[in-house]
Amino acid sequence: MIADAANILPSDKILAIIPARMASSRLPGKPLVAIGGEAMIVHVWRRAVQAVIGRVIVAAAEAEIAGKVRAAGGEAVLTPPDLESGSDRVHAALETIDKWRHCRLVINIQDDLLTIDPDTIRSCVAILNDHAIDMAIAAAPIVDQGDIDDPNVVKIAGEFYGSSVILHARDFRRKPDPRDGKDVGRYFHHIGLYAWRRETLERFVALPVSARESRYRLEQLRAPDSGMRIAAGLVDKIPLGVDTPDDLKRARQLLAGRNGVFSPA
């Protein structure tokens, strides 16, 4: 079990920011698609609030996203719509809402993780108790061979160090590297959240896009390509993400089977 996040910083120095935009190539308007009568971004915002780690903000590219979050009781800030990445959007929101630089730690939570477990968010934050780590993420073992070849499943290659639940994430891939083979035991699911110290996030967004990041459309490759050290907390629950119309159909079916309430499992 990874150490509890409560000891790392007071909650008023931690921000959870969910970047959201309407221009998804595979599922246009994704943040506002209705699932169980509620917009997807609202479901994800509620999960982040349940983690009780600090203030939760939606960094919205469009006013309609911000309006939906505010109507549900949440906090949202508008960011330029043409930003290149989720981390750029998180950084823009941070600069807007915290000009006095009170916040010291930032968690970037992907806007489609409908069933993200609040414990997963807390565990990711707790990794940054180790100041040798630049960026903390979450991972889960891959057990389905089909996920190895699926380019939509982002895979972490890495090794455990110093703990059976913390992984040194040395690479991210859409397809397996021939040097590592296709053994499911060699890869881990990358769960879509990142925890940063503020200064590390600022360093990251100031870096140029790396060649591999551009080629494989994986923003996180910029970190290892620039020498940043990444650690992944190992969890046993893979949240349901919604990237395609088929994913959306599955999410709606899942919610219907749970009488309109998502559980973290």
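Structural data are supplied above this passage.
For clarity, every value in this text was computed on a predicted model and none was experimentally measured.

1. Side note on the packing of aromatic side chains
A full pass over the atoms with the stated rule returns three aromatic pairs. Members of the aromatic cluster, each reached through a chain of ring pairs, are Tyr 194, Trp 196 and Phe 204. A cation sits over an aromatic face here: Arg 222 above Phe 204, 4.4 Å from the ring centre.

2. Digging into the pairing of strand E9 (residues 166-173)
The buried count for E9 comes to six of eight residues, which makes it a mostly enclosed element. Bridging between strand E8 (residues 155-160) and E9 involves six bridges; their strand directions are antiparallel. For Lys 155, the partnering residue across the bridge sits in E9 and is Arg 173.

3. Looking at the packing of helix H1 (residues 40-50) against helix H4 (residues 118-126)
At a minimum axis separation of 8 Å, H1 and H4 run at an interaxial angle of 60°. When the axes of H1 and H4 are compared, the pair comes out oblique. Along this stretch, H1 crosses H4, giving a crossing that reads as right-handed. Taken together, the residues of H4 that come into contact with H1 (itself represented by Arg 47, Ala 48 and Gln 50) are Pro 118, Ile 121 and Arg 122.

4. Notes on the state of the cysteines
One pass over the full model with this rule turns up zero disulfides. Note on Cys 103: no disulfide assigned, nearest cysteine sulfur contributed by Cys 124 at a separation of 14 Å. Its relative accessible area of 3% is what places Cys 103 among the buried residues.

5. Concerning the environment of Ala 136
Relative to the helices and strands, Ala 136 is located in strand E7 (residues 135-141). Take Ala 136: its relative accessible area is 0%, and that puts it in the buried class. As for Ala 136 and Arg 252, which are separated by 116 residues in sequence, their C-alpha atoms are 31 Å apart. Ignoring anything within four residues of it in the chain, the contact list for Ala 136 reads Cys 124, Ile 127, Leu 128, Leu 193, Tyr 194, Ala 195 and Ala 231.

6. Regarding the nonpolar core
In terms of nonpolar packing, the biggest core is built from 50 residues, with Ile 18, Ile 41, Val 58, Ile 107 and Ile 109 touching the most fellow members. Among the elements that make up this core, the one with the highest residue count is H1 (six residues). If sequence neighbours within four positions are ignored, Ile 41 has contacts with Ile 18, Ala 20, Pro 31, Leu 32, Val 58, Ile 65, Val 69 and Asp 111. Counting 30 residues, the second-largest nonpolar core is a separate cluster that includes Ile 57, Ala 169, Met 228 and Ala 232.

7. Overview of helix H6 (residues 198-206)
Because each turn of an α-helix spans 3.6 residues, side chains separated by three or four positions in sequence point in the same direction. What H6 keeps buried is the set Arg 198, Thr 200, Leu 201, Phe 204 and Val 205. Looking down the long axis of H6, one finds its buried residues gathered within 160° of arc, a one-sided arrangement. For H6, the secondary structure elements touched by its buried residues are helix H3 (86-97), strand E6 (105-109), strand E10 (187-197) and helix H8 (222-225).

Parameters and conventions
- Residues numbered from 1 in each chain as written.
- Predicted model: local features only at pLDDT ≥ 70, side-chain atom pairs only at ≥ 80, totals over all residues.
- Heavy atoms only, no water.
- Phe/Tyr/Trp six-rings, centres within 6.5 Å; stacked < 30°, edge-to-face > 60°.
- Lys NZ or Arg CZ within 6 Å of the ring centre and 35° of its normal.
- Buried < 20%, exposed > 50% of the residue type's maximum accessible area, 1.4 Å probe, protein only.
- Helix = DSSP H or I, 4+ residues; strand = E, 2+ residues; numbered from the N terminus.
- Pairing = 2+ DSSP bridges.
- Axes fitted to C-alpha atoms, helices over the stretch in contact; angles between N-to-C directions.
- Parallel < 35°, antiparallel > 145°, perpendicular 65-115°, else oblique.
- Left-handed = near helix turned anticlockwise from the far one by under 90°.
- Contact = heavy atoms within 4.5 Å.
- Disulfide = S-S within 2.5 Å.
- Core = buried A, V, L, I, M, F, W, Y, C linked by side-chain atoms within 4.5 Å.
- Arc of directions from axis to C-beta.

Keep in mind these values describe shape, not function.
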